[in-house]
Amino acid sequence: MKRTTEKLLKWYAEHARALPWRARPGERPDPYHVWLSEIMLQQTTVATVRKRFDDFIRRWPTVRALAEAPLEEVMAAWAGLGYYARARNLHKCARKVAHELGGEFPSTPEALRRLPGIGDYTAGAIAAIAFHHPAVAMDTNAERVIARLFAVTEPLPGCKPRLRTLAHELLPRHAPGNFAQALMDLGAIICTARNPACGLCPLMDDCAARKQGLAEELPRKQKNPPKPHREGKAFWIDRADGRVLLRRRPERGMLGSMVEIPSTGWDGAPPAFAGRTPFRLEFDRVRPDVRHTFTHFHLKLALYRLPEPLEVERARLLPLSPGWFWHPLEKLDTVGLPTVMKKAARLFLESG
Ligand code: SF4
């Protein structure tokens, strides 16, 4: 096994991806950069995170700066990265580190896991990369490489403990951070999910899946049940002075604290102002519907708009609950709409 690890580390020394959050040779990794990038990379591609990471670091160069930022600003900066609970936990975690831990991240996986938004993988990655702690970090890339290297045919997620144990057997105690990043990079560049480049792989002579002709089949995955379909309605209520009515969603639940175009619940529940307006609001249907897929369901959002913008004085008669506000249309880009609402806003603007 030692030989396999050596080959992997040698390959990494020559082929590591240059990523903005990685320390250059001779530099100490910044735990804040490692943590921020790992949270951003959960469920999001490296290509998307590359630019957004730089924006975050420019705006909030330290964990203390991020902790002092209002949650709404962090949520708006997160818009488009999806999985918004991550942004709320990011902010909570920054506050905890800044206010309770003196601005220093803990160095062990056990202590890191006690922070908001940090699970097994992220704790292992931060501990190994930022603090050289002998931990493994099993992301999908690492799982794929290990499953193939040892020809593990049991499907995911059941085989996860076995993959972790096998990765531990390869873990070099002198270079846990490079080992974690080498597995990630090998999985991203060579041992890809489809068409792995086995002929270029530094581990080809040691790889059981390659020898057995199983490389493309592994890792196997348990079949997920099909995602359910949900439906809702979104309403475009604009004013003659170029403002549109938006609302901030409640902190808990899907897209918590994000800004949205007023909508029904996605189970058909009416919007909060229904029945309480002092005059009847008539809407035209806008086509096509918005279709968006979340982790656990598909959503179809039917769109409705006022035929004409409301006169400002008349719009002021609408009783607005806390969290509802009129927002300038020309600043819609900066309010931090989640992707599903961006799709709806684009269709509304094209229909106007
Ligand atoms: S030989 Fe092929 S399947 Fe095996 S680790 Fe390398 S790229 Fe992956």
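Residues numbered from 1 in each chain as written. Predicted model: local features only at pLDDT ≥ 70, side-chain atom pairs only at ≥ 80, totals over all residues. Heavy atoms only, no water.

Caption draft 1: Quick look at the packing of helix 9 (residues 140-149) against helix 11 (residues 176-189). Two elements in contact, helix 9 and helix 11, have axes whose closest approach is 8 Å; the angle formed by their N-to-C orientations is 80 degrees. Here helix 11 runs roughly perpendicular to helix 9, going by the angle between their axes. Residues Asn 141, Ala 142, Arg 144, Val 145 and Ile 146 of helix 9 form the contact with helix 11, whose own contacting residues are Leu 183, Met 184, Leu 186, Gly 187 and Ala 188. Grouping the amino acids of the contact of helix 9 with helix 11 by side-chain chemistry returns 7 nonpolar, 2 polar and 1 charged. (Axes fitted to C-alpha atoms, helices over the stretch in contact; angles between N-to-C directions. Helix = DSSP H or I, 4+ residues; strand = E, 2+ residues; numbered from the N terminus. Parallel < 35°, antiparallel > 145°, perpendicular 65-115°, else oblique. Contact = heavy atoms within 4.5 Å. Nonpolar A, V, L, I, M, F, W, Y, C, P; charged D, E, K, R; others polar.)

Caption draft 2: Local environment of the packing of aromatic side chains. Overall, the coordinates contain 11 aromatic pairs when judged by the stated rule. Residues Phe 56 and Trp 78 carry aromatic rings whose centres are separated by 6.0 Å and whose planes lie at 85 degrees to one another, so their mutual orientation is edge-to-face. With Phe 56 in helix 3 (residues 46-59) and Trp 78 in helix 5 (residues 71-78), the pair connects residues that are 22 residues apart, well separated along the chain. For Trp 78, a relative accessible area of 0% gives the class buried. With a centroid separation of 5.3 Å and an interplanar angle of 25 degrees, the aromatic rings of Trp 266 and Phe 294 are classed as stacked. Here Trp 266, found in the loop between strand 3 (259-260) and strand 4 (284-293), pairs with Phe 294, found in the loop between strand 4 and strand 5 (298-305); they are 28 residues apart in sequence, far enough to count as distant. When sorted by exposure, Trp 266 lands in the same class as Phe 294, which is buried. Following the ring pairs from residue to residue traces out a cluster consisting of Tyr 32, Trp 35 and Phe 105. (Phe/Tyr/Trp six-rings, centres within 6.5 Å; stacked < 30°, edge-to-face > 60°. Buried < 20%, exposed > 50% of the residue type's maximum accessible area, 1.4 Å probe, protein only.)

Caption draft 3: Local environment of the site of the ligand. What surrounds the ligand is the set Arg 148, Ile 190, Cys 191, Cys 198, Cys 201, Met 204, Cys 207, Arg 210 and Ala 215. The cavity that encloses the ligand is the largest cavity. Grouping the amino acids of the shell around the ligand by side-chain chemistry returns 7 nonpolar, no polar and 2 charged. (Near = heavy atom within 4 Å. 1 Å grid on protein atoms, 1.4 Å probe; cavity = no way out; pocket = protein on both sides within 12 Å on 5 of 7 lines; lining within 4 Å. Sits in = over half its atoms within 2 Å of the grid points.)

Caption draft 4: View of the sheet that holds strand 3. An order of 3-2-6 is seen for the 3 strands of this open sheet, with the pairing classed as antiparallel. The outermost strands of the open sheet, each flanked by one partner alone, are strand 3 and strand 6 (324-328). Alignment of strand 2 (residues 243-248) against strand 3, held across 2 bridges, turns out to be antiparallel. Looking at strand 3, one finds that Arg 247 is bridged to Glu 260. (Pairing = 2+ DSSP bridges.)

Caption draft 5: Seen up close, the sheet that holds strand 1 (residues 229-236). If you trace the 3 strands from one edge of the open sheet to the other, you get 1-5-4, paired in mixed fashion. This sheet does not close on itself; its edge strands, each paired only once, are strand 1 and strand 4. Between one strand axis and the next, the sheet turns through 20 degrees on average, direction left out of account. Examined bridge by bridge, strand 1 and strand 5 share 8 bridges and lie parallel to one another. When the bridges of strand 5 are listed, His 229 appears paired with His 298. On the sheet, helix 14 (residues 339-351) packs against strand 1, strand 4 and strand 5 and is oriented at approximately 155 degrees with respect to strand 4.

Caption draft 6: Quick peek at empty space enclosed by the protein. The final tally for this structure, using the stated rule, is 3 cavities of 30 Å³ or more. When its volume is computed, the largest cavity comes out at roughly 130 Å³. Taken together, 15 residues make up the lining of the largest cavity; nearest its centre are Arg 148, Cys 191, Cys 198, Cys 201 and Cys 207. Take the lining of the largest cavity: its biggest share by element is 3 residues, from helix 9. Of the residues assigned to the lining of the largest cavity, the class counts are 13 nonpolar, no polar and 2 charged. (Points joined across faces, edges and corners; volume = space filled by probe spheres on them.)

Caption draft 7: How the structure looks around the pairing of strand 5. With respect to burial, strand 5 is a largely interior element, 6 of its 8 residues being buried. In this sheet, strand 5 lies alongside strand 4 in antiparallel orientation, the contact comprising 7 bridges. Pairing of Asp 284 across the sheet is with Arg 305, part of strand 5. The hairpin formed by strand 4 and strand 5 contains 4 residues between the paired strands.

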